[in-house]
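Reading the structure
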Amino acid sequence: MENKWLDDLATEAGITSEYINAYGKPQAIPAETRHRILEAMSKNTPVDRPVSYLQDPSSPQVTVIIQGQEITLPLKPLTSYHWQITTEQGEVFHGRCQHQLTLPNDLPLGYHTLTLIPKVEQEASSQQQTMQLIVAPERCYEPQALIHGEKLWGACVQLYTLRSENNWGIGDFSDLKYMLQELALRGGAFVGLNPLHAIYPAMPENASPYSPSSRHWLNIIYIAVHQVEDFKDSAKAQAWWHSPETQLKLQQARQTEWVDYTTVMALKMAALRLAYPQFKNRTGNDPQKFAFQQFVTKGGKNLHSQAVYDALHHKLYGENNTYWGWPVWPEKYREFASEAVKEFCHSYPQEIEFFLWLQWIADIQLAECFTTSQSNHMPIGIYRDLAVGVAQGGSETWCNRNIYCTQASVGAPPDILGPLGQNWGLPPMNPHVLKAQSYQPFIELLRSNMRHCGALRIDHVMSLLRLWWIPQGETADKGVYVHYPVDDLLAILALESQRHHCLVIGEDLGIVPEEIVDKLRDRGVYSYKVFYFERNEQGEYRSPDEYPVQAMATITTHDLPTLRGFWQNGDLSLGEDIGLYPDKALLAELYTERKRCKQALLASLNQHGYLSETSPIETSPIETDKQPSSQQTALQGQAEHPMSASINYAVHHYIAHSNCALLGLQPEDWLDMENPVNIPGTTEEYPNWRRKLTVTLEAMFTDEHIKQLLQTVREARKQAS
């Protein structure tokens, strides 16, 4: 009987009892898993009440509506009300109603307040009920170029991978500005970036941009120190900069194959600590001092808590390197509002202001990059990336503990490419607490990430509908899907998108439930189409004109092999070496399927005229069950041949003619690189988030082959418009 009661509570909480797996089969979720997730969701709440009622009944309610729709709210029976709506713009609507309230359908877009006063209790203000009304547009923002049918293209980069003659061993905002200028000259419309979220200055080796400390602020390692005015004006900083020891460390950091985060962060922090006194010595009426104070004031408690976290973490980790995050800090520091944290703030105000200053510098430099893109008439300029979650021990969970369920983590169920599933180690947001807080954490998250950009990519956009929750201590295959208020979240996304003039791209790869596909399209969220996966039921690659318009096409992503890696089976052999494919029969099938993919790819390239049969590719026959035709033999032979420049060029030419409004290409493929940036499902097995490009930006943009390739892409996109 108790289990039946828990099952009902789990269902009411949005915890699913089954799902359709990667093989298209229904898969039941064990009751124990659902009950453990219910417990994680209900932590610190009464266990004898349904989850939907666990939110504080005195907390403000919220209703989200689409502008122009007629909405009727049910009210307490046999009660008359005086109602008043005060809009965000200060306009007032009011009237009387009984039993129900039909909202005006001419309410402006925005966040408004509805007040209900029972007629017989108008003198008793305690009887008033307030509700937030969020009025949203039907669709997200789209730039005029896309509305007019233009086909745009750009580069998708992991910022840290960029090499240049001036950076300090890691790509930075100066490199980003240079790349924007170079792409603009070649007709590019944007540079897409990995998440720029704040990570850990005290632990730079924790480098995953998808496991950040906070998604509201920036990773200070991307500051281009040599562009900071106070660094250039500081005699001490310049003396340090020109010393032989510093220059030697800089050269070594630039020349490494993998990003040396520890050395890079140490160099940058040393330089910025020398530059900071120069800023402090500015007079009170200095424009930069004024701008900094404005930034701090606008950032409010959220920014202050980020600086406090970074300063405190820096101190504690320096004393004991087991203090990786607040869950293992001394007890007195684990609560942001504790007396010990207040005492730390009182004792170290300059250290906290230093970290505030670093966030300000990073924000200025990102803003300058976006301004550069706009002055170069790029229709989008920068598109940022919003990670699906935050690390358990970071500043975002430290400051808003009750919205995160730290006894669970999110990830992905097993699928064909990841038979073990994925556990990302990120605590999920509680959808019920999120609604109880009138979605304010989600709104603030969008606002933080729609700054200084023309588009926002939402990683794992299915999280607006559902997330795969894994009980603490379990493997990824022991999880369950939990549902989120998708219609409300999409409406808010559209509202913030329109306000920020920010296009939205949803990364919708993996297991995509049918119910969200139409919702995303109707709300103006652009889909994500990866060339490798765009095949029909017969295994043939889709022709360029079969791609949907409302989408961004790519050849690959940071979680998938490069074009050369795909062709050479590098991802499969690497996965085999590090134990990702314990099922040898499955691995053999993956190799066989890859062979079929390459044969189908070559057939499609030939069929559409992007790779002629006379292309200079040697052939070597492979075994088949049937006697192949001469053309099939040639194609099969090509599929076994190492990657060639002609195949690389043909794939770029093919995807550039895609019907998708957007095309994002990776410099790794221009440079014919093989090693991946990241291997999902690994932590120590491979140096994720560290692999650099093989050449500097200066050399890349003067390379004749790359110049010809990008010119071909530019012309093909014009032809596709």
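Criteria and cut-off values
- Residues numbered from 1 in each chain as written.
- Predicted model: local features only at pLDDT ≥ 70, side-chain atom pairs only at ≥ 80, totals over all residues.
- Heavy atoms only, no water.
- Phe/Tyr/Trp six-rings, centres within 6.5 Å; stacked < 30°, edge-to-face > 60°.
- Helix = DSSP H or I, 4+ residues; strand = E, 2+ residues; numbered from the N terminus.
- Buried < 20%, exposed > 50% of the residue type's maximum accessible area, 1.4 Å probe, protein only.
- Pairing = 2+ DSSP bridges.
- Axes fitted to C-alpha atoms, helices over the stretch in contact; angles between N-to-C directions.
- Contact = heavy atoms within 4.5 Å.
- Expected span 1.5 Å × (residues − 1).
- Polar contact = N/O pair within 3.5 Å; in protein donor to acceptor, adjacent residues only side chain to side chain.
- Parallel < 35°, antiparallel > 145°, perpendicular 65-115°, else oblique.
- Nonpolar A, V, L, I, M, F, W, Y, C, P; charged D, E, K, R; others polar.
- Disulfide = S-S within 2.5 Å.
- pLDDT = per-residue confidence, 0-100.
- Left-handed = near helix turned anticlockwise from the far one by under 90°.

Counting across every chain of the model gives 30 aromatic pairs. Relative to Trp-357, the ring of Tyr-276 lies with its centre 5.4 Å away and its plane at 50°, an arrangement referred to as tilted. A residue pair is termed long-range when its members are at least 10 positions apart, and Tyr-276 in helix H8 (residues 261–280) and Trp-357 in helix H11 (residues 349–375) qualify at 81 residues. Across this residue pair, the class does not change: Tyr-276 and Trp-357 are buried. Ring centres 5.1 Å apart and planes at 70° place the aromatic pair Phe-336 and Trp-398 in the edge-to-face group. Here Trp-398 lies in helix H12 (residues 395–399) and Phe-336 lies in the loop between helix H9 (287–319) and helix H10 (339–347), a separation of 62 residues in the sequence. Among the aromatic residues, ring-to-ring pairing joins Tyr-276, Phe-279, Phe-292, Phe-354, Phe-355, Trp-357 and Trp-360 into one connected group.

The next subject is the sheet that holds strand E15 (residues 408–412). Strand order across the open sheet formed by four strands is E16-E15-E18-E19, with antiparallel pairing between neighbours. Looking along the sheet, the strands with just one partner apiece sit at the ends: strand E16 (422–426) and strand E19 (480–483). Across the sheet, the mean angle from the axis of one strand to that of its neighbour is 45°, orientation sign disregarded. As paired elements, E15 and strand E18 (residues 466–471) share four bridges and run antiparallel to each other. The partner of Ser-409 across the bridge, within E18, is Ile-470. Packing of helix H2 (residues 31–41) onto the sheet brings it into contact with E15, E18 and E19, and relative to E18 it is tilted by some 100°.

Turning our eyes to something else, we now look at the sheet that holds strand E20 (residues 503–506). Taken in spatial order, the eight strands line up as E20-E17-E14-E11-E10-E23-E22-E21 in an open sheet, and their pairing is parallel. Edge strands, defined here as strands with exactly one partner in the open sheet, are E20 and strand E21 (527–530). Strand-to-strand twist of the sheet, defined as the mean angle between neighbouring strand axes without regard to direction, takes the value 25°. Where strand E22 (residues 551–554) meets strand E23 (residues 662–665), three bridges bridge the pair, whose relative direction is parallel. Looking at E23, one finds that Ala-553 is bridged to Leu-663. Sitting on the sheet, helix H4 (residues 173–185) touches strand E10 (152–157), strand E11 (190–193) and strand E14 (381–386), and the angle it makes with E11 is about 145°.

Right, let's talk about H4 for a bit. Every α-helix winds through 3.6 residues per turn, so residues three or four apart in the chain are directed the same way. The end-to-end C-alpha separation of H4 is 19 Å, in line with the 18 Å expected for 13 residues at 1.5 Å each. Among the residues of H4, Phe-173, Asp-175, Leu-176, Met-179, Leu-180, Glu-182, Leu-183 and Ala-184 are the ones counted as buried. On its buried side, H4 packs onto E10, E11, H11, E14, helix H22 (667–670) and helix H23 (697–700). The opening residue of H4, the one whose side-chain oxygen lies 3.0 Å from the backbone nitrogen of Ser-174, is Asp-172. Of the residues flanking the end of H4, it is Gly-187, one or two places downstream, whose phi is positive at about 90°.

This part covers the packing of H4 against H11. A pair of packed helices is captured by two measures, namely the crossing angle of their axes and the spacing between those axes. Interhelical geometry of H4 versus H11 gives an angle of 5° and a closest axis separation of 9 Å. Comparing the axis directions of H4 and H11 gives the class roughly parallel. Within the contact between the two elements, H4 uses Phe-173, Leu-176, Lys-177, Leu-180 and Gln-181 and H11 uses Ala-362, Gln-365, Leu-366, Glu-368, Cys-369, Thr-372 and Ser-373. Each residue belonging to the contact of H4 with H11 can be placed in one class, and the counts come to six nonpolar, four polar and two charged.

A full pass over the atoms with the stated rule returns zero disulfides. Counting only cysteine sulfurs, Cys-502 is the nearest neighbor of Cys-140, a cysteine outside any disulfide, at a range of 8.9 Å. By relative accessible area, which is 2% here, Cys-140 ends up buried. Looking at the unpaired Cys-453, the closest cysteine sulfur is the one in Cys-502, lying at 4.1 Å.

This part is about the confidence of the model for the chain. Looking at the chain, pLDDT values average 90 and 92% of them are 70 or higher. Long-range and interchain partners of residues 46–50, a stretch whose pLDDT sits below 50, account for seven contacts in this model, where long-range means more than four residues apart. Between residues 614–639, whose pLDDT stays under 50, and residues either more than four places distant or in other chains, the model counts 37 contacts.

Attention now moves to the packing of helix H6 (residues 235–242) against H8. Orientation of H6 relative to H8, taken along the N-to-C sense of each, is 150°, at an axis distance of 7 Å. If you check the angle between H6 and H8, you find them roughly antiparallel. As for the relative orientation of H6 and H8, their crossing is right-handed in sense. Each of Lys-236, Ala-237 and Trp-240 in H6 lies in contact with H8, whose residues at this interface are Leu-267, Ala-270, Ala-271, Leu-274 and Ala-275.

Attention shifts here to helix H21 (residues 645–656). Here H21 contains 12 residues, and its C-alpha end-to-end distance of 16 Å stays within 8% of the 16 Å for a straight helix at 1.5 Å per residue. Taken across its 12 residues, H21 has nine buried, putting it largely inside the fold. Among all positions in H21, only Ser-646, Ile-647, Asn-648, Ala-650, Val-651, His-652, Tyr-654, Ile-655 and Ala-656 are buried. Buried-residue contacts for H21 involve E22, helix H17 (563–567), helix H19 (584–607), E23, H22 and helix H24 (704–720).

Note that Asn-194 resides in the loop between E11 and strand E12 (197–198). Separated by 3.2 Å, the side chains of Asn-194 and Tyr-222 make a polar contact. Excluding residues within four positions of it along the chain, Asn-194 makes contact with Val-157, Gln-158, Leu-159, Tyr-160, Pro-209, Tyr-222 and Asp-385.

Now for the environment of Trp-329. Relative to the helices and strands, Trp-329 resides in the loop between H9 and H10. A relative accessible area of 0% places Trp-329 in the buried class. Distance from Trp-329 to Phe-354, taken between C-alpha atoms, is 22 Å for residues 25 residues apart in sequence. In this view, Trp-329 contacts Tyr-309, Leu-312, His-313, Leu-316, Tyr-323, Arg-334 and Trp-398; residues no more than four positions away in its chain are not counted. Of note is the side chain of Trp-329, whose polar atom sits 3.4 Å from the backbone oxygen of Gly-325.

Attention now goes to the side chain of Asn-21. Relative to the elements of secondary structure, Asn-21 occurs in the loop between strand E1 (18–20) and strand E2 (26–28). Judged by relative accessible area, which is 12%, Asn-21 ranks as buried. Among the polar contacts listed, one links the side chain of Asn-21 to the side chain of Gln-27, at a separation of 3.0 Å. Those residues in contact with Asn-21 that sit more than four places away from it in its chain are Gln-27 and Ile-511.

Take the pairing of strand E5 (residues 80–86) next. With seven bridges connecting them, E5 and strand E6 (residues 92–98) associate as antiparallel partners. Note that in E6 the partner of Trp-83 across the bridge is Gly-95. Linkage of E5 to E6, two consecutive antiparallel strands, is achieved through a turn of five residues, within which Gly-90 is found at a positive phi near 95°. Direction of pairing for E5 relative to strand E8 (residues 110–118): antiparallel, over a ladder of six bridges. Note that in E8 the partner of Tyr-81 across the bridge is Pro-118.

Most of E8 sits inside the fold, with eight of its nine residues counted as buried. Bridge count for E8 against strand E9 (residues 129–136) is seven bridges, and the pairing is antiparallel. Bridging from a neighbouring strand, His-112 pairs with Leu-133 of E9.

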